[in-house]
Amino acid sequence: MRLRPEIIALPAYRQGKAAAASAFKLSSNENPFGPLPGVIAAVGAETTYNRYPDASASELRERLAARYGLSPDEVHVGSGSVALLSQLILAAAGPGDEVVYSWRSFEAYPSLVTVAGATSVQVPNRPDHGHDLTAMAAAITDRTRVLIVCSPNNPTGTIVHAAEFEAFMAVVPSTLLVILDEAYAEFVTDPDAVRGISLLGRYPNLVVLRTFSKAYGLAGLRVGYGLGPVAILDAARATAIPLSVTGVASAAAIASLDVDDELMERVRTIGTRRDTIWRALTEQGWNTPAPQGNFIWLPTGAETGVAAEALGAAGLVVRPFPEGIRISIGEEESVEELLRTCAELVQNLP
Ligand code: PMP
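How each quantity is defined
Residues numbered from 1 in each chain as written. Predicted model: local features only at pLDDT ≥ 70, side-chain atom pairs only at ≥ 80, totals over all residues. Domains from an automatic or database assignment. Contact = placed C-beta atoms within 7 Å. Helix = DSSP H or I, 4+ residues; strand = E, 2+ residues; numbered from the N terminus. Nonpolar A, V, L, I, M, F, W, Y, C, P; charged D, E, K, R; others polar. Expected span 1.5 Å × (residues − 1). Buried ≥ 20, exposed ≤ 12 C-beta atoms within 10 Å, placed from the backbone. UniProt positions renumbered as here; feature names shortened; annotations may be inferred. Pairing = 2+ DSSP bridges. Near = placed C-beta within 6 Å. Axes fitted to C-alpha atoms, helices over the stretch in contact; angles between N-to-C directions. Parallel < 35°, antiparallel > 145°, perpendicular 65-115°, else oblique.

**Description of the domain arrangement of the chain**
Phase 1: Under the domain assignment, the chain is made up of domain 1 (5–34 + 261–345) and domain 2 (48–258).
Phase 2: Opposite the 25 residues of domain 1 that make contact, domain 2 presents 27 residues.
Phase 3: Of all the secondary-structure elements, those providing two or more residues to the side of domain 1 that touches domain 2 are α1 (5–8), α11 (260–284) and β9 (295–298).
Phase 4: Ranked by the residues each element gives to the side of domain 1 that touches domain 2, the list is headed by α11, at five residues.
Phase 5: Grouping the amino acids of the side of domain 1 that touches domain 2 by side-chain chemistry returns 13 nonpolar, six polar and six charged.

Here it is in structure tokens:
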């Protein structure tokens, strides 16, 4: 069997698993809160399983368009924002083309670029774990087709400042697609952070990606959306696997928009918990970047394996990377054990 060698070599998508029912799963940046009653009711009311869903998810797109003051064609919905990332990369980059993004960032980027047949250009994060937008702009060649900016960045939790982003957009040629991945936007509290929504209509080459997986707690139903120029979104739509947003998923997303205030209250609770954990870790001596998503980054370096094992033994399932550990902000009950284990770990760091 002849399969593409670069595809066979791709790593499987990693997903932390809780070994014991008592463990806290803090490895996938999920929302610890379950769906609100209105969302459960909307899912239950959706029963036309013998029919295909509306291929363009028009009701949900109309709701989102009204919310952001856009036309429905300036909204594209996919089965998670990861599907939209894939579609946008496929629409703009192919063999011989380059996709520039900061690294370390969202693990799916390199795989999606490889699947498109294009080449990843990974620009190292700054020592403070944030994106180096100057270096990213300097990495543009005549083969560059796409640049991805992730704010807040998964896994380091850092944001890109609005002024920095606008300076970046001013030097990136408008023929190159810029994807601003804002999967964690709702958790951002830093007033200087870039807000993709406020930039819509200003750039012909900017698409902003958001998701219902994180703040809205619908990771299991798979709904994400992209906002931007119609021509780019039409090209993305052309690459999409048809009918992948189910009626149940659309109904849950619409019902979530109906209870937005309650959901944003939960987001604030998670944000406050995050800031409390960050302050405590900083006091313990951790050099953790100020977190702006629903997770924190422990720069454990060479001690990562040992530290992840200790956290696992304490019943906390976390996500280790070569440079450090990402820990999602989970249930309130997980906080005490997290801080206790981190206090022990920080003593053993070089
Ligand atoms: N972008 C970033 C930065 C992410 O961290 C994730 C999920 N881990 C996604 C996109 C994709 O999320 P979803 O497909 O659930 O919308």
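Picking up after the structure, the text goes on.
**What to know about unusual backbone geometry**
Phase 1: With omega at 20°, the peptide bond leading from W103 into R104 counts as cis.
Phase 2: Along the chain, R104 falls in the loop between β3 (98–103) and α5 (108–115).
Phase 3: Between S151 and the following residue, P152, the backbone shows a cis peptide bond with an omega angle of -5°.
Phase 4: Locating P152 in the fold gives a position in the loop between β5 (144–150) and α7 (162–171).
Phase 5: Unlike most non-glycine residues, A57 shows phi in positive territory, near 45°.
Phase 6: Counting through the fold element by element, A57 comes out in the loop between α2 (37–45) and α3 (58–68).

**A short note on helix α4 (residues 81–92)**
Phase 1: For α4, spanning twelve residues, the distance from its first C-alpha to its last is 17 Å, which sits close to the expected 16 Å at 1.5 Å a residue.
Phase 2: Counting buried residues along α4, twelve of its twelve residues qualify, which places the element largely inside the surrounding structure.
Phase 3: For α4, the complete set of buried residues consists of S81, V82, A83, L84, L85, S86, Q87, L88, I89, L90, A91 and A92.

**Some points on the UniProt feature "modified residue: N6-(pyridoxal phosphate)lysine" (unreviewed entry) in the chain**
Phase 1: Those residues carrying the UniProt feature "modified residue: N6-(pyridoxal phosphate)lysine" (unreviewed entry) are K214 in this numbering.
Phase 2: Locating K214 in the fold gives a position in the loop between β7 (206–211) and β8 (224–227).
Phase 3: When residues no more than four places from it in sequence are discounted, the contact partners of K214 are N29, N31, A183, Y184 and N294.

**Comments concerning the sheet that holds strand β12 (residues 325–328)**
Phase 1: Read across the open sheet, the three strands follow the order β9-β12-β11; overall the sheet is antiparallel. Looking along the sheet, the strands with just one partner apiece sit at the ends: β9 and β11 (319–320).
Phase 2: The sheet contact formed by β9 and β12 spans four bridges and is antiparallel. Note on β12: the bridge partner recorded for F295 is S328.

**Some remarks on the UniProt feature "domain: Aminotransferase class I/classII large" (unreviewed entry) in the chain**
Phase 1: UniProt feature "domain: Aminotransferase class I/classII large" (unreviewed entry): in the numbering of this structure it lies at residues 24–340.
Phase 2: When the span residues 24–340 is considered, its composition is 39% helix and 16% strand, and the gap between its end C-alpha atoms is 15 Å.

**A short note on the site of the ligand**
Phase 1: Taken together, 13 residues lie around the ligand, and G80, S81, V82, T211 and S213 are the ones closest in.
Phase 2: Residue composition of the shell around the ligand, by class: five nonpolar, seven polar and one charged.

**Regarding the sheet that holds strand β6 (residues 177–181)**
Phase 1: Read from one edge of the open sheet, seven strands run β2-β8-β7-β6-β5-β3-β4, paired in mixed fashion. Each edge of the sheet is formed by a strand with only one pairing partner; in this case those strands are β2 (75–78) and β4 (119–124). Pairs of neighbouring strands in the sheet enclose a mean axial angle of 25°, with direction left out of account.
Phase 2: By the bridge criterion, six bridges tie β3 to β4 in an arrangement that is parallel. When the sheet's bridge partners are listed, V99 is paired in β4 with S120.
Phase 3: Taken strand by strand, helix α9 (residues 230–239) contacts β2, β6, β7 and β8, and its axis lies near 25° from that of β2.

**Focus on the packing of α4 against α9**
Phase 1: At a closest axis distance of 8 Å, the pairing of α4 and α9 adopts a crossing angle of 105°. By the angle between their directions, the pair α4 and α9 is classed as roughly perpendicular. Along its contact with α4, which presents L84, Q87, L88, L90 and A91, the element α9 presents A235, A236, A238 and T239.
Phase 2: Split by residue class, the contact of α4 with α9 holds seven nonpolar, two polar and no charged.

**A look at the pairing of β7**
Phase 1: Among the six residues that make up β7, six are buried, leaving the element largely enclosed by the rest of the structure.
Phase 2: Side chains L206, V208 and R210 project from β7 onto one buried face, and the interleaved V207, L209 and T211 project onto a second face that is buried too.
Phase 3: Of the pairings in the sheet, the one linking β6 to β7 comprises four bridges and is parallel in character. Bridging from a neighbouring strand, I179 pairs with V207 of β7.

**Regarding the environment of N29**
Phase 1: For N29, the position within the fold is in the loop between β1 (24–25) and α2.
Phase 2: In this structure N29 comes out as buried when scored by C-beta crowding, with 23 C-beta atoms within 10 Å.
Phase 3: When the C-alpha atoms of N29 and N294 are compared, they prove to be 6.4 Å apart, with 265 residues separating the residues in sequence.
Phase 4: Among residues more than four places away in sequence, those in contact with N29 are N154, K214, G293, N294, F295 and S328.

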